[in-house]
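Per-entry structural report
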Amino acid sequence: MTKSRIASCNELNSAREGYEMLQLKQLKSETVEPGCKFPDNFTGKWINTANYNSKVLINSTHIYELSQPDQGAAEPLYFVCKESRDRRYMVAKLGVGGCQVDYICYDFTIRHHNIIRWRAGRAFPRKDFRSVCAWSAFDNEAHWRYNTYLSANPYAIECPIRGKYQFTQDGESRLTTRIGPTARPWDPEETCSIWESSLQICSDDPNTIKIDVERCYSLDYRARPTQFKYDVVDYNLQCIGFWQEDTIGFLVTYDKEDAFSKYRCWVYQRQSYGTLFISRSARSACGNHQRPWSNSSFDGASVRLTLVENERKHDNCPMNFDSGKNPWKEHLFLNYLNSVPTLCVSLGVFILSLVLSINS
């Protein structure tokens, strides 16, 4: 901060430009001893999508968050676990820049995939669990939703949507061809008469959503798909988590090539057997008013895709849909590909089946 020579602020240009600049440093900090522990699977590095993708580090008793606002210096925050009951945790909030200790209640859901969902209540100056963690202390507006911590090192999971679709898009930030077909002239033997959009999640790679904004629709004389020489997939989105909230499905994808945000939140819903609406967020978190048909930044969305099933006879890309109602469920798929039944069983289901067979 800066100070003027006289009782006027006209000669002060900014916090760093003035007659005399003062630098304030912390003189006192309070130490708070932990009184409870967070779940073991919360430990690790996370991204807080509710606070400009700030970095979060969680251990058994503390949460350290380095806030990164659009303007101003980074602000480190410390949260110490003091008391817990069921899924509510009362924490002591320690700010490096001040001496006061506030008490906040966190409502955590059980971790699933790469996601921890949470919401925080109001800050209280007294350490009283009945007051701090009362349900009335949380935001109970009509359109509230859980915030999310996303793993800083996510692993890919099976996507809740499978199949091959053709899509139309509408919104303020539409998907564009990243690489696109090679500029003409092409090989004279390579011709294409029909162009189409493609979104597919098939059994050979169920963890990745492959989007091609413009691809050549080409078949051979047996009606089998052929690879066009100049076709390249534009988007390879890894699914890292999904769930259902307010009867609407939510999906989080990770794309290391996305220059704006590597994490994206999608809201999806089935409209009919072969038609889906899916809306992409403008940032890493979905907006509170975002719905599957949203396509405006007013709702927190950037683009909406209308998916229509487009699987052909020899595509070998069967359709499947998971609403996200139970994201902890182990899936068992029985796929028939090329008239040969293939059983895809998760490791947990296989071990359970093996134990039951031995005991019997």
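Scroll up a little and you will see the structure.
The present account deals with the structure reproduced in this document. Values in this document were obtained by computation on a predicted structure and should not be read as measured data.

**A word on the pattern of salt bridges**
In this structure the tally under the stated criterion is 14 salt bridges. Here Arg119 makes a salt bridge to Asp107, at a shortest N to O gap of 3.2 Å. Of the two residues, Arg119 is situated in strand S9 (residues 115–120) and Asp107 in strand S8 (residues 101–108); the sequence distance between them amounts to 12 residues. Three or more residues are tied together by salt bridges with common partners; here these are Arg87, Asp107 and Arg119.

**Here we look at the state of the cysteines**
Counted under the stated rule, the structure contains five disulfides. The disulfide partner of Cys105 is Cys133, and the S-S distance across this bridge is 2.2 Å. The chirality of the disulfide connecting Cys105 with Cys133 is right-handed, given an S-S dihedral of about 105°. With Cys105 in strand S8 and Cys133 in the loop between helix H1 (129–132) and strand S10 (147–151), this residue pair connects regions lying 28 residues apart in the sequence. Like Cys133, Cys105 is buried. Here Cys265 pairs with Cys286 through a disulfide, and the sulfurs are 2.0 Å apart. Between Cys265 and Cys286, the disulfide has an S-S torsion of -100° and is therefore left-handed. Here the residue Cys265 occupies a position in strand S16 (residues 263–272), and Cys286 occupies one in the loop between strand S17 (275–281) and strand S18 (301–309), the gap between them amounting to 21 residues.

**Some remarks on the sheet that holds strand S7 (residues 88–95)**
Within the closed barrel, the eight strands sit side by side as S3-S4-S5-S6-S7-S8-S9-S10. Their pairing is antiparallel. Taken pair by pair, the neighbouring strands of this sheet meet at an average axis angle of 35°, ignoring direction. In this structure, strand S4 (residues 54–58) lies alongside strand S5 (residues 62–67), joined through four bridges in antiparallel fashion. Residue pairing for S5: Leu57 is matched across the bridge by Tyr64.

**Overview of the nonpolar core**
With 24 residues, the main nonpolar core has Tyr165, Leu199, Ile209, Ile211, Leu251, Leu305 and Leu307 as its most contacted residues. Secondary-structure elements contributing two or more residues to this core are strand S11 (161–171), strand S12 (195–201), strand S13 (208–216), strand S14 (235–245), S16, S17 and S18. If you tally residues by element for this core, the top one is S14, at four residues. Formed by 18 residues, the second largest nonpolar core is a distinct cluster that contains Val91, Phe108, Ile116 and Tyr149.

**Comments concerning the packing of aromatic side chains**
The tally for this structure, following the rule as stated, stands at 14 aromatic pairs. Ring centres of Phe38 and Phe108 lie 6.2 Å apart, and the angle between their planes is 80°; this geometry places the pair in the edge-to-face category. One end of the pair, Phe38, is in the loop between strand S2 (20–21) and strand S3 (44–48); the other, Phe108, is in strand S8, and 70 residues separate them in sequence. Like Phe108, Phe38 is buried. Ring centres of Trp118 and Tyr149 lie 5.1 Å apart, and the angle between their planes is 35°; on these two criteria the pair is classed as tilted. Here Trp118 is found in strand S9, whereas its partner Tyr149 is found in strand S10, with 31 residues between them in sequence. The same class applies to Trp118 and to Tyr149, which are both buried. Ring pairs connect the aromatic residues Phe38, Phe42, Phe79, Tyr89, Tyr106, Phe108, Trp118 and Tyr149, which therefore count as one cluster. If you follow Arg119 out to its NZ or CZ, it ends over the ring of Phe138, 4.6 Å from the centre.

What counts and how
- Residues numbered from 1 in each chain as written.
- Predicted model: local features only at pLDDT ≥ 70, side-chain atom pairs only at ≥ 80, totals over all residues.
- Heavy atoms only, no water.
- Salt bridge = Lys/Arg side-chain N within 4 Å of Asp/Glu carboxyl O.
- Helix = DSSP H or I, 4+ residues; strand = E, 2+ residues; numbered from the N terminus.
- Disulfide = S-S within 2.5 Å.
- Buried < 20%, exposed > 50% of the residue type's maximum accessible area, 1.4 Å probe, protein only.
- Pairing = 2+ DSSP bridges.
- Axes fitted to C-alpha atoms, helices over the stretch in contact; angles between N-to-C directions.
- Core = buried A, V, L, I, M, F, W, Y, C linked by side-chain atoms within 4.5 Å.
- Phe/Tyr/Trp six-rings, centres within 6.5 Å; stacked < 30°, edge-to-face > 60°.
- Lys NZ or Arg CZ within 6 Å of the ring centre and 35° of its normal.

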